[in-house]
Amino acid sequence: MRIIWSLTLTLWISHQCFGSGFQKSSFNRHELHHCRQEAQSLFYHAYDNYLRLAYPDDELYPIRCRGRTRNVENDADLDRNDVMGNYSATLVDSLTTLAIMGDKDRFKKAIDLIRTDLEPEFKINATVQVFETTIRILGGLLSAHLYATDPAKRVFLGREYDGILLHRAHRLADRLLPAYLTKTGLPLPRINLATEYRNVPPGFLQENNAAAMASPMLEFTLLSYLTHDDKYRQVTKYAFDKIWSLRSEIDLVPMSFSPHTEMANNFYTGIGASIDSFYEYALKGAILFQDDELWNVWELSYNALRKHSRGDWFFSNVELMSGHEILPWIDSLSAFFPGLQVLAGDVPDAQKKHLMFLKLWNTYGGIPERWEFDPREFENNEQELNASYVPLPWYPLRPEFVETTYFLYRATRDAFYLQVARSILQDLKNYFMTDCGFAGLQDVMTGQFQDRMETFVLSETLKYLYLTFDVDNELHKDGSNVIFSTEAHPLWLKAADFKRYKSSSFFEDTRYRDHLLRVQQRDASLKSSNINRFFHDISNLLLYRARYPDRNSTLNRKGISTGTCPIMRSANDSFQFLHSDVIRHCERLFEIDYRYASNLRKPSKLIDRVPIELESSFYHIWGSQTSPLPKCQLPPTTDSFDVIFRVGWSNSKTPPNSQLSGVYGPIKDSITIESLIGVRLQVEALIPGAIDLHGEVVDADYLAYLWELNSPAALGFPNPGQDFKNSASNDPRRPIYRVSILNGIQLAHNATVWINSTLDTSPSALGMNHNGMLMLDKVPVVNALFKSMF
Ligand code: DMJ
């Protein structure tokens, strides 16, 4: 009797997704199953209530619990009207979550509703965003069509299905495509589904962002593959290619353009809002369509990003022509990027970048739309100071952090990511769930909710959570070219689709054919008249800039006196070692907490909230009592500079960003580059006693040895002009330089950069000493060596 009782208890405990079950065991199959079910029931809570209380409206008010539609009284309410076209957006955007869950019954009913209720021609008098309608509605219909017609899927409908979803997608695409009929071939941001651009206020059509102009290429190309009508692909791909052609000399893409003149509207770029899915669809398009051109765009653009914009913990906003860091913030949307890095194979860097968003989640209980990382000094009081770090304080339950967590779990199978997903699931249930749906935060600092549930909560946030725990989902066993669209709709093509498209595609629509010809002619004439449409030629020799000005901030180093992690100590004295690779190998797990201590300020009601990585329910399971306390890497106190070599740039045979393409760090031993041209180095100035980027204290004897080795006397080369500054040689704190990052790729402590060519020119700041070392400002760079000298 006792045995039966304890068995029942064990089963009951291990069947909890939340609560004590996790303290008794690890993520076993039962727990995964129950977390998955929990995610599913959260989805049903919102989806069923949407159908009951809001359908056929586009959205559900999660607090008022009724339908939400366009703002018909105010056309200028773009936030609302851009994504609501009176086409039951939540229903359509949720189709593929039902498919992924294998819920054939609800899937079929949803398709029936689309058949009976949705305006078949999409002739709806609503002005909507072309991009949003493409990713949510067109993408949702296409993906659901793939599910309904794939015999390998649980929701395969066989003869019951009449192709209605593809038919609707086709009609919708015809409503959206006229947005591309501009003289530049770049799309207008908005279109009226019934009247094209008649009655659309001109002010709504002046500016469009890079993501919105380039991304529809993916859904529209898929439509061409499925219908064989190639106009969708050709028109949208032209716009994608044009956006890429408008990049800067160092391959950075502006975030916003005029569709009428193709002039860029801004001079900086990043990876988040306004540009995100440009990168995403270059890579995903390359995979889905087996397209080498898109792959090339991805490679070059990612190389440029990691070279110019990759910092330690996040990608920063940089100026387009120099790569200078400007605008000290990151946005919530950029949390998707580590997921994309996983897809590209750069997992170690993705893991680091994911940590930044984890710290934001820990701090704010969500990811604020925008967070600033530059310390401030001048606010009036503590409250204002805290709020100043989140100039855009809302969190509308965006999916990007969950999405990245999902991709990292799939790539690493590390329980750490399950823990993160479980914790988010718990927050959704405990904080964000309302009587009929889920409400995000209007302000992460005050905790004020917003009465809004965007369609992506059901199509992305809950889907990625569900999939994280659904380890055996059919998508995970699928060896095909399946990708997730930017709205998390799975898309794939089969060999037979490629074959049919190749033999039967056509482009006969003269409206678009003539248009493309006109645009191409205009482009050719602009080229021949040699007008520099956007960028100036800036061929300065060498560019220096200081970085990490906060390195020496005592505030950021507060509390660190030994190499042991103080946070871990205080959180749990008995904790000793973690069986999660992320935690075991990540000596820098808490570096962000120190480095940005002054910016990561919790709202008062979250002060006692335990960080996800420190939750005891996780520690007790993944810890062991036998190993020593993990070490924390100390934050660096050295200065670093970026150096970019621009000499002879335009005559160079190798495009500046193609060197080292596909090489992901950290580089442990050595790496060879062909030339310095176009290369960007982060150079660290080592001085005795400083903590270097690897968390090591710079040894004074080692530095003295290096100076001795490179001294004019030792080199038999008493030429101060090419070697040391005489003045510097007597200074005990004189630095020695070391390359720490090469084109965005991290170098290990002892790694060497071999340079194959000789110096292309000898501006005074640049040289080579007799040890074959690169000299910058007459200081040797110890790990940058010219091969010809050896
Ligand atoms: C989604 O609609 C898509 O992921 C889009 O690409 C940008 N982000 C929102 C959700 O945050």
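These figures come from a predicted structure and were not determined experimentally.

**Student:** I would appreciate a short explanation of the UniProt feature "active site" (unreviewed entry) in the protein chain in the present structure.
**Tutor:** If you check UniProt for "active site" (unreviewed entry), the listed places come out as Glu-132, Asp-276, Glu-369 and Glu-400 in our numbering. Note that Glu-132 resides in helix H7 (residues 130–149). Residue classification places Glu-132 among the buried positions, given a relative accessible area of 18%. Among all residues touching Glu-132, those that are not within four sequence positions of it are Asp-82, Val-83 and Ile-137. Relative to the assigned elements, Glu-400 resides in helix H17 (residues 400–412). By relative accessible area, Glu-400 is classed as buried at 9%. Residues within four places of Glu-400 in sequence aside, it is in contact with Ser-332, Leu-333, Ala-335 and Phe-336.

**Student:** Just checking my understanding: could you explain the site of the ligand for this structure?
**Tutor:** In the neighbourhood of the ligand, the contacting residues comprise Phe-131, Ile-135, Arg-136, Leu-333, Arg-398, Pro-399, Glu-400, Phe-456, Glu-460, Thr-486 and Glu-487. Contact distances for the ligand include 2.6 Å between an oxygen atom and a side-chain N or O atom of Arg-398. Taking Thr-486, its main chain carries an N or O atom lying 2.6 Å from an oxygen atom of the ligand. If the ligand stood free it would expose 290 Å²; the protein chains cover 94% of that surface. Taken together, the elements giving at least two residues each to the shell around the ligand come down to H7 and helix H19 (456–469). For the shell around the ligand, the element with the highest residue contribution is H7, accounting for 3 residues. The residue inventory of the shell around the ligand, partitioned by class, reads 5 nonpolar, 1 polar and 5 charged.

**Student:** Mind showing me how you'd approach the state of the cysteines here?
**Tutor:** Simply put, disulfide is the name for a covalent bond between the sulfur atoms of two cysteines. According to the stated counting rule, one finds 1 disulfide in the structure shown. Between Cys-65 and Cys-436 runs a disulfide, and the two sulfur atoms are separated by 2.2 Å. On the S-S bond that ties Cys-65 to Cys-436, the torsion sits near -100 degrees, and the link is left-handed. Here Cys-436 lies in the loop between helix H18 (415–432) and strand E11 (441–443) and Cys-65 lies in the loop between strand E1 (59–61) and strand E2 (66–68), a separation of 371 residues in the sequence. A relative accessible area of 21% places Cys-65 in the partly exposed class.

**Student:** How should I be thinking about the side chain of Asp-93 in this particular structure?
**Tutor:** Within the secondary structure layout, Asp-93 lies in helix H5 (residues 89–100). Reaching out from Asp-93, the side chain makes a polar contact with the side chain of His-489 at a distance of 2.7 Å. Not counting residues up to four positions away in its chain, the partners in contact with Asp-93 are Arg-136, Thr-455, Phe-456, Ser-459, Glu-487 and His-489.

**Student:** I'm lost on the side chain of Lys-242 in this one. Help?
**Tutor:** Within the fold, Lys-242 resides in helix H11 (residues 231–245). The contacts of Lys-242, once residues within four sequence positions are left out, are Thr-184, Leu-186, Glu-262, Val-519, Arg-522 and Asp-523.

**Student:** Help me out: how do you make sense of the packing of aromatic side chains in this one?
**Tutor:** Working definition: an aromatic ring pair is given by the centre-to-centre distance plus the angle between the planes. Evaluated as defined, the whole model comprises 36 aromatic pairs. Summarising the aromatic geometry, the rings of Tyr-50 and Tyr-55 are spaced 6.3 Å apart at their centres and angled 85 degrees between planes, so their arrangement reads as edge-to-face. As far as burial versus exposure is concerned, Tyr-50 and Tyr-55 are alike and both buried. An aromatic cluster is present here, built from Phe-240, Trp-244, Phe-278, Tyr-279, Trp-298, Tyr-302, Phe-315, Phe-336, Phe-337 and Tyr-664 joined pairwise through their rings. It is Arg-247 that lies over the ring of Trp-244; its NZ or CZ is 4.1 Å from the centre.

Reading the values: the criteria
- Residues numbered from 1 in each chain as written.
- Predicted model: local features only at pLDDT ≥ 70, side-chain atom pairs only at ≥ 80, totals over all residues.
- Heavy atoms only, no water.
- UniProt positions renumbered as here; feature names shortened; annotations may be inferred.
- Helix = DSSP H or I, 4+ residues; strand = E, 2+ residues; numbered from the N terminus.
- Buried < 20%, exposed > 50% of the residue type's maximum accessible area, 1.4 Å probe, protein only.
- Contact = heavy atoms within 4.5 Å.
- Near = heavy atom within 4 Å.
- Polar contact = N/O pair within 3.5 Å; in protein donor to acceptor, adjacent residues only side chain to side chain.
- Areas by Shrake-Rupley, 256 points an atom, 1.4 Å probe, with all protein chains shown as cover.
- Nonpolar A, V, L, I, M, F, W, Y, C, P; charged D, E, K, R; others polar.
- Disulfide = S-S within 2.5 Å.
- Phe/Tyr/Trp six-rings, centres within 6.5 Å; stacked < 30°, edge-to-face > 60°.
- Lys NZ or Arg CZ within 6 Å of the ring centre and 35° of its normal.

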